[in-house]
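Letter by letter, the chains look like this.
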Amino acid sequence: MKFTAYWADRCIARTTETAAIALFLLIPILTAYQVVARFVLQQPSPWSEAAIQMSMIWSTLLGFSILFRQGALLSMDFIEKRVPNRFLNVLSFVHFVAALGLLLVMLFAGLKLIGIVKAQRLAGLGISMAYAYGAIPVGAVVSILTIISRAALLLATRYENSHPPEVPLWADIMAKGNPAPRQEGV
Amino acid sequence: MTAFMLSFMVGGFALGVPIVVSVGLATLLTMILFTGLPTQVFAQQLFVALHKYPLVAVPLFIFAGALMETGGISTRLVEFAKAVFRGVRGGLAASCVLTCMIFAAVSGSSVATTFAVGSIMIPALVRNGYSRPFASSLQAAAAELGVIIPPSIPLILYAVSAEVSIGDLFIAGIGPGILIGAALIVTVLVYSRIKGGDIGIAQNVQPLAMATQRAFFSLLMPVVVLGGIYGGIFTPTEAAAVAVVYAALVGFFIHGDLKLADIIPVARRSLISTANILMIIAVAGAFSYLISRAGVPASLGRWISENISGATVFLLTVNLALFILGMFLETSASIIILTPILVPVAVHYGIDPIHFGLIMVVNLALGMITPPFGVNLFAACDVGKVSIEQVMPSLLMFVLVVVACLMLITFIPQISLFAVG
């Protein structure tokens, strides 16, 4: 059980992160190519703009799961820093339910949407719009898997040590026990 | 309906629910309970909010900023700024502001500016006898320039929602940025004179010529990026990609501080910032769709024009409202939600939308350094290793200086518009 949980968690994290970072790196590469195409090759690229936007949207939605794993989602955390552990656990459980609720709607609504738009074509790339809108349900499902696999892994490994862990369970699942992440706003 | 949506969202914020989740769920529940729209519309609006080409500049400027931080550009800018104020009493504090101004001219984010400049400047200020709270609050206030001096992510977001030219907005950011920078420099110089702070003979300061030479390629970067945009050579988005390539090349080949192995961690960190900001923009887009659909902008606009007489009162009210909202709301979400509501009213009062954009962004930048929700203040306290309570007294002085500048920017449109074509 422990091994499966660990393996599943690693597998999800590695795959998503690799894909998200690769797509993220494509953004500057394709945009720089667009500049080169116009000035050096004297031939504006007809497809690059659409491809750049797709890289951005897909890397954002896949990167969304990293935020859950790292506890890096921007929030006003001044209350949770000042409450006792038991209350923090309850608050974190609320965050867990809220996040899961939003992600589930993104997943199912996104799937319905794909059914509606699949006949449309994405200008510039000529592919079905389903590949563009697909980022929403895929991003949601990856984030759901991330949260659930993290919860499973923690449940399987948390009570191995004799002394109780410092961070309450639900806070740990929402990654609040991580060393304070940088506040990554503008 | 609007009341439900707002109170649900604010309640979520207060309970520490992540901002994306609070805004997203508030929108979703309102949609289900009050409108009868199918949930696909929510998913579609998330996509529509992100499917805007100018937004591509956001990840690119974030990535460029992170590359500069790792590639030794910020270190050299600090050395240059120190050399400029060599021998001046309070010069080290002034050089902190100057470094932020130059860094802001290549970075679009104030948090990135705080991390890049603050990690070098705050320890240096503390070594030279400034208190930790003073150093951190100065850094937080000066790093605000990151979003005022172009390029700027909030200005890009405003341009996207108000449908104005990013290039014009960028030009309009220069005047206010220099005004606030100069005001902060004067403040710290006067403060040091009164308090007898650092005497200005900081050790290990390079002569100006040498520092300029070492920082040459760092100083050239704003010229390439901004010159490229204003010269019409490339679009702001392409300029952002040029900034990434330039920062990478200078970091690799000229400074040699950037290693190939750094690229993935830097990209990962930038992706985390990008995902955070863009996901907030996506849900804020859906939120603002619902608000517009319910006719809130029109009725609010009518209410304002019936109850507020004249542009002056309107501007004062807007400033006060934005100042308070900015304390509690996240910057990108505020811009996406408030721009479509406020800009038509501003235009109705004869205020130029470009000028209004600067008023909004300077105001929200203030929100970033005021508690309870000031990401940039958090960042500076994080770097300076002090608590928010400790920085409050010294922060107040800088906030008042910026508020005074904001009043000038609000009532003298020429500060923003003098160079706009």
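The structure presented is a predicted model; accordingly, all values stated were derived computationally and were not measured.

Caption draft 1: Spotlight on unusual backbone geometry. Residues and elements named next belong to chain B. In this chain, Pro 150 is followed by Pro 151 through a cis amide linkage whose omega measures -10°. Note that Pro 151 resides in the loop between α9 (145–148) and α10 (153–162). With an omega dihedral of 0°, the bond running from Pro 371 to Pro 372 counts as a cis peptide bond. Locating Pro 372 in the fold gives a position in the loop between α19 (353–367) and α20 (375–384).

Caption draft 2: Seen up close, the confidence of the model for chain B. In this model, chain B carries a mean pLDDT of 91, and residues with pLDDT of at least 70 account for 98%. Among the scores for the predicted complex, ipTM is 0.93 and pTM is 0.91.

Caption draft 3: Layout of helix α2 (residues 48–70) of chain A. All names here are of chain A. For α2, built from 23 residues, the straight-helix expectation of 33 Å at 1.5 Å per residue is met to within 8% by its first-to-last C-alpha distance of 32 Å. With 20 of 23 residues buried, α2 lies mostly within the body of the structure. Downstream of α2 by one or two residues, Gly 71 has phi in the positive range, about 65°.

Caption draft 4: Layout of the interface of chain A and chain B. Listed as interface residues are 59 residues of chain A and, on the opposing side, 69 residues of chain B. Note on chain A versus chain B: buried area summed over both sides is about 5900 Å², and carbon and sulfur give 75% of it. In this structure, the connection of chain A to chain B is made through 3 salt bridges. We note a salt bridge from Glu238(B) to Arg38(A), for which the minimum N-O separation is 2.8 Å. Where chain A meets chain B, there are 13 residue pairs in polar contact (both at pLDDT 80 or more).

Caption draft 5: Expanded view of the environment of Val347(B). Inspection of the secondary structure assignment puts Val347(B) in helix α18 (residues 331–348). Separated by 120 residues in the primary sequence, Val347(B) and Gly227(B) have C-alpha atoms spaced 30 Å apart.

Caption draft 6: Seen up close, the packing of helix α6 (residues 91–104) of chain B against helix α7 (residues 110–127) of chain B. Residue and element names in this part refer to chain B. Interaxial distance between α6 and α7 falls to 10 Å at its minimum, and their mutual angle equals 165°. When the axes of α6 and α7 are compared, the pair comes out roughly antiparallel. Between α6 and α7 lies a crossing whose hand is right-handed. In this structure, α6 uses Leu 92, Ala 93, Ser 95, Cys 96, Thr 99, Cys 100 and Phe 103 to contact α7, whose residues at the interface are Ala 112, Thr 113, Ala 116, Val 117, Met 121, Ala 124 and Leu 125. Counted by class, the contact of α6 with α7 contains 11 nonpolar, 3 polar and no charged residues.

Caption draft 7: Seen up close, the packing of helix α1 (residues 2–39) of chain A against helix α4 (residues 57–70) of chain B. Contact geometry for α1(A) and α4(B): axes closest at 10 Å, N-to-C directions at 100°. When the interaxial angle is binned, α1(A) and α4(B) end up roughly perpendicular. Along its contact with α1(A), which presents Phe24(A), Leu25(A), Ile27(A), Pro28(A) and Thr31(A), the element α4(B) presents Pro59(B), Leu60(B) and Phe63(B). For the contact of α1(A) with α4(B), a count of residues per class yields 7 nonpolar, 1 polar and no charged.

Caption draft 8: Seen up close, the layout of surface pockets. All names here are of chain B. Considered as a void within the structure, the second largest pocket measures approximately 610 Å³ in volume. Looking at the second largest pocket, it is lined by 27 residues, and the ones nearest its centre are Leu 6, Ala 321, Leu 325, Leu 329 and Leu 338. The biggest single contributor to the lining of the second largest pocket is helix α17 (residues 311–328), with 7 residues. In terms of residue class, the lining of the second largest pocket is made up of 25 nonpolar, 2 polar and no charged.

Caption draft 9: Up close: the nonpolar core. One finds Met106(A), Phe314(B) and Phe356(B) to be the most contacted residues of the largest nonpolar core, which totals 223 residues. Each residue touching Phe356(B), except ones within four places of it in the same chain, is listed here: Tyr158(B), Phe314(B), Val318(B), Leu342(B), Val343(B), Ala346(B) and Ile351(B).

Caption draft 10: Looking closely at the side chain of Ser288(B). Within the secondary structure layout, Ser288(B) lies in helix α15 (residues 263–293). Not counting chain neighbours up to four residues away, the residues in contact with Ser288(B) comprise Ile336(B), Ile337(B) and Pro340(B).

Caption draft 11: Quick look at the pattern of salt bridges. This model, assessed by the stated rule, comprises 8 salt bridges over all chains. With a shortest N-O distance of 3.6 Å, Asp172(A) and Arg150(A) are connected by a salt bridge. Of this pair, Asp172(A) sits in helix α6 (residues 169–173) while Arg150(A) sits in helix α5 (residues 135–157), and the two are 22 residues apart along the sequence. You can call Asp172(A) buried: its relative accessible area is 15%. For Arg150(A), a relative accessible area of 13% gives the class buried. Glu79(B) serves as the salt-bridge partner of Lys82(B), at 3.9 Å between the closest nitrogen and oxygen. One end of the pair, Lys82(B), and the other, Glu79(B), are both in helix α5 (residues 73–84), 3 residues apart, so they sit about a helical turn from each other. Judged by its relative accessible area of 16%, Lys82(B) is buried.

Caption draft 12: The arrangement of a nonpolar patch on the surface in detail. The grouping of Tyr33(A), Val36(A), Phe39(A), Val40(A), Leu41(A), Trp47(A), Leu125(A), Ile127(A), Tyr131(A) and Ile233(B) at the surface amounts to a nonpolar patch, some 900 Å² of accessible area in total. If you tally residues by element for the nonpolar patch, the top one is α1(A), at 3 residues. By the secondary structure assignment, Leu125(A) is in the loop between α3 (85–117) and α4 (129–133). Residue Leu125(A) is classed as partly exposed on the basis of its relative accessible area, which comes to 33%.

Caption draft 13: Local environment of the environment of Ala50(A). Looking at where Ala50(A) falls in the secondary structure, it is placed in helix α2. When near neighbours in sequence (up to four residues on either side) are disregarded, Ala50(A) contacts Ala123(A), Gly124(A) and Leu125(A).

Caption draft 14: Quick peek at the packing of aromatic side chains. Residue and element names in this part refer to chain B. Counted according to the given criterion, the structure contains 16 aromatic pairs over all chains. When the centroid spacing of 5.4 Å and the interplanar angle of 50° are considered together, the rings of Phe 4 and Phe 34 count as tilted. Of this pair, Phe 4 sits in helix α1 (residues 2–14) while Phe 34 sits in helix α2 (residues 19–35), placing them 30 residues apart in sequence. Residue classification places Phe 4 among the partly exposed positions, given a relative accessible area of 27%. For Phe 34, a relative accessible area of 43% gives the class partly exposed. Note on Phe 314 and Phe 356: the rings are 6.2 Å apart at their centroids and 20° apart in plane angle, and the pair reads as stacked. Placement of the pair is Phe 314 in helix α17 and Phe 356 in helix α19, with a sequence separation of 42 residues.

Caption draft 15: Geometry of the confidence of the model for chain A. Averaged over all residues, the pLDDT of chain A is 88; the fraction at 70 or higher stands at 92%. Mean pLDDT in chain A bottoms out at α6(A), which sits at 84, and peaks at α2(A), which reaches 95.

Caption draft 16: Representation of α1(B). Residue and element names in this part refer to chain B. For α1, with 13 residues, the first-to-last C-alpha span of 18 Å sits near the 18 Å given by 1.5 Å per residue. Looking at α1, one finds that the buried residues are Met 5, Met 9, Gly 12 and Phe 13. Considered in projection along α1, the buried side chains sweep an arc of 105° and stay on one side of the axis. In this structure, the buried residues of α1 make contact with α2, α15 and α17. Once α1 ends, the next one or two residues include Gly 16, with phi positive near 80°.

Reading the values: rules and limits
- Residues numbered from 1 in each chain as written.
- Chains lettered and ligands numbered in written order.
- Predicted model: local features only at pLDDT ≥ 70, side-chain atom pairs only at ≥ 80, totals over all residues.
- Heavy atoms only, no water.
- Helix = DSSP H or I, 4+ residues; strand = E, 2+ residues; numbered from the N terminus.
- pLDDT = per-residue confidence, 0-100.
- Expected span 1.5 Å × (residues − 1).
- Buried < 20%, exposed > 50% of the residue type's maximum accessible area, 1.4 Å probe, protein only.
- Contact = heavy atoms within 4.5 Å.
- Buried area = accessible area lost by both parts, 1.4 Å probe.
- Salt bridge = Lys/Arg side-chain N within 4 Å of Asp/Glu carboxyl O.
- Polar contact = N/O pair within 3.5 Å; in protein donor to acceptor, adjacent residues only side chain to side chain.
- Axes fitted to C-alpha atoms, helices over the stretch in contact; angles between N-to-C directions.
- Parallel < 35°, antiparallel > 145°, perpendicular 65-115°, else oblique.
- Left-handed = near helix turned anticlockwise from the far one by under 90°.
- Nonpolar A, V, L, I, M, F, W, Y, C, P; charged D, E, K, R; others polar.
- 1 Å grid on protein atoms, 1.4 Å probe; cavity = no way out; pocket = protein on both sides within 12 Å on 5 of 7 lines; lining within 4 Å.
- Points joined across faces, edges and corners; volume = space filled by probe spheres on them.
- Core = buried A, V, L, I, M, F, W, Y, C linked by side-chain atoms within 4.5 Å.
- Patch = residues over 30% accessible without salt bridge, like charges linked within 9 Å, V, L, I, M, F, W, Y side chains within 5 Å.
- Areas by Shrake-Rupley, 256 points an atom, 1.4 Å probe, with all protein chains shown as cover.
- Phe/Tyr/Trp six-rings, centres within 6.5 Å; stacked < 30°, edge-to-face > 60°.
- Arc of directions from axis to C-beta.

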